[in-house]
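Inside the fold
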Amino acid sequence: MDKKQIAKTLEAIADMMEIRGENPFKCIAHRNAARTLETTEGSLEELIESGRLRELKGIGESIANKIIEMYRTDRSTTYEELRAEIPEGVLEMLTLTGVGPKKAKALWEQLGIKSIGELEYACNENRLVTLPGFGQKTQEKILQAIAFQKKQAGRFLCNVAWEAATVLLDHLRKHKEVIRSEIGGSLRRRRETIGDIDLLASSDAPEALMKHFIKSPGIAEVLAHGATKSSVRMEQGIQVDLRIITDEEFPFALNYFTGSKDHNTALRGRAKKMGFKLNEYGLFHGASERSEKCRDETAIYKRLGLDYIEPELREVMGEIEAAENGTLPHLVEEKDIKGLVHVHSTDSDGVLSVEQVAKAAQKRGYEYVALCDHSKSAAYAHGLSPERVRAQHKAIDKLNKSAPGIRILKGMEVDILGDGSLDFEDKILATFEVVVASIHSRFNLSREEQTKRLLRAVANPHVHMIGHPTGRLLLSRDGYDVDLDALIDAAARHHKIIELNAHPFRLDLDWRYCIRAQRKGVLVSINPDAHSEADMDYVRYGVGIARKGWCEPSGVANAAPLDKFLRLLKK
DNA sequence: GCCGTTTTCGGCCCGACTGTTTTCAGTCG
């Protein structure tokens, strides 16, 4: 097993131990070890062979032995023993909001429920209400959680899809018979979640290329295999379709399979009005059977009297009118981002020290990095007390003096408390250069109360930006109920920035509201919410969403160089 | 199960909410 698989197994062991009711700290120890393992750089083999595994924080004798067993034999005795006792479906029940180890255990032992399917049936039969500790409300909440999960089933976070697609595309491009190849579909449009992946390639030898494709790394199953279309399922479960066409057809097919469906419909309608027929094979004038020659998508749009529309904009949000009038935005790109804002260190719940954060950000070419650890109320994340804030500031001053090649900004992700006040008094808030105010508690306030709470935080003169404005976790939890239009209006009034949290779980601000924010002159800041070095690369997904949100570099606060960024904050 | 400048045992993150209870257990962040 590799590091990732071992970490996953340790998590499963912890889950099962919890269901068995073992010492909760023992369970936590396994979870900590899993987290440490996942975030440790370097090869596991080296760690094991050099005997340095035990030096990692949270890995002692017992867990080290488990890790070594898994690494050497691909098995875990502990895991197998627990699994023999606890059915997999019982473990899956833990993924439902509101079902923890105790409830799962009660459902399994007292009602004999061994899967989410059985659980849903039992709820509909009204069988949960009689169970001690359960009641009508619990049953309703569980049904809701099951419904939510069903609705999300078969969808994937964009980073999962992106990584799978990149592997396939790299493999495809190694073959000599491929002329052009691209990712299409919702992934190319940079949607926040992805159902399946569409790949397109042009070739004069489609059979040979297809044969090569179905041997790509990471494929779990070949679902269909033809000369022009093949479908595979990747190990992650995501389905991928590859279509191979001629190189003349390529731009038309790419356009067609990129969508969105509504964008395509609008384009086809426009083409028809102009006496053309547009489909995935070409653009045909009148009754002609020969397509107009278009070398690329730009040429297709041009032939239809339009500026080139970037894939991210193809959602029928006014892009066709703008392309007609020459008013399309010049979308922000990843290389425009000058500073990394909202990064956590080991001082709260990150895995990098302040110095390592600075080094990693500098390595990525950023001019500045704003450390934004949690505030004191976020006890679950080891939030900083005022004393620890002062210590961190001292450390930052010292690092900045040592000329690290990057400016480290003193930032804070301060909790917005239930009433909209902040977790630090003004005197302390004034010592930070960047204050991101976020909600981490009391998600179920009414829309009115939640909005009022956020507006109060926006109005605080020490707050520079509002973090992950809805608190949603894609595919697992809806955001809290808040009037985002009111938030955007308030941000405009107070010259505040709204975070576009780039973490693939969040991508919050939603791009639909990002469009509204841009039109009202509200800047966004594309923040990775990084807890490790790898997380820093989440900026790319945030940029995707910003592009969907019609953002130009001038609409993105951290696309500004350091001095301008600091001026923006002061405003 | 892990850890240790209060060190080999005893603490480990903790407060708030929800729904179940009639004083609290379970879940969450």
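Structure: above.
Anyway, here's the lowdown on the structure attached to this text.

1. Notes on the pairing of strand β2 (residues 180-183)
Residue alternation in β2 divides its side chains into a buried set, Ser-181 and Ile-183, and an unburied set, Arg-180 and Glu-182. Two strands pair when backbone bridges link them, and β2 and strand β4 (residues 196-202) are joined in this way by four bridges, in the antiparallel orientation. For Arg-180, the partnering residue across the bridge sits in β4 and is Ser-202.

2. Some points on the sheet that holds strand β7 (residues 239-245)
Strand order in the open sheet made by the five strands is β2-β4-β7-β6-β5, with mixed pairing throughout. If you trace the sheet from one side to the other, it starts and ends with β2 and β5 (219-225), each paired once. Each adjacent strand pair in this sheet contributes to an overall mean axis angle of 20 degrees, direction not counted. As defined by bridge partners, strand β6 (residues 229-234) adjoins β7 across five bridges and the pair is classed as antiparallel. From the neighbouring strand, Val-232 faces β7, where its bridge partner is Val-240. In the packing of helix α10 (residues 158-173) onto the sheet, contacts are made with β2, β4, β5, β6 and β7, and the angle to β2 comes to roughly 175 degrees. Sheet strands in contact with helix α12 (residues 206-213) are β4, β5, β6 and β7, and its direction is about 160 degrees off that of β7.

3. Details of the layout of surface pockets
Taken as a whole, the second largest pocket holds about 650 Å³ of empty space. Contributing to the lining of the second largest pocket are 17 residues, with Thr-36, Lys-57, Thr-346, Gly-350 and Val-351 lying nearest its centre. The element best represented in the lining of the second largest pocket is helix α2 (residues 24-39), accounting for four residues. In terms of residue class, the lining of the second largest pocket is built from three nonpolar, nine polar and five charged.

Rules and cut-offs
Residues numbered from 1 in each chain as written. Chains lettered and ligands numbered in written order. Predicted model: local features only at pLDDT ≥ 70, side-chain atom pairs only at ≥ 80, totals over all residues. Heavy atoms only, no water. Buried < 20%, exposed > 50% of the residue type's maximum accessible area, 1.4 Å probe, protein only. Helix = DSSP H or I, 4+ residues; strand = E, 2+ residues; numbered from the N terminus. Pairing = 2+ DSSP bridges. Axes fitted to C-alpha atoms, helices over the stretch in contact; angles between N-to-C directions. Contact = heavy atoms within 4.5 Å. 1 Å grid on protein atoms, 1.4 Å probe; cavity = no way out; pocket = protein on both sides within 12 Å on 5 of 7 lines; lining within 4 Å. Points joined across faces, edges and corners; volume = space filled by probe spheres on them. Nonpolar A, V, L, I, M, F, W, Y, C, P; charged D, E, K, R; others polar.

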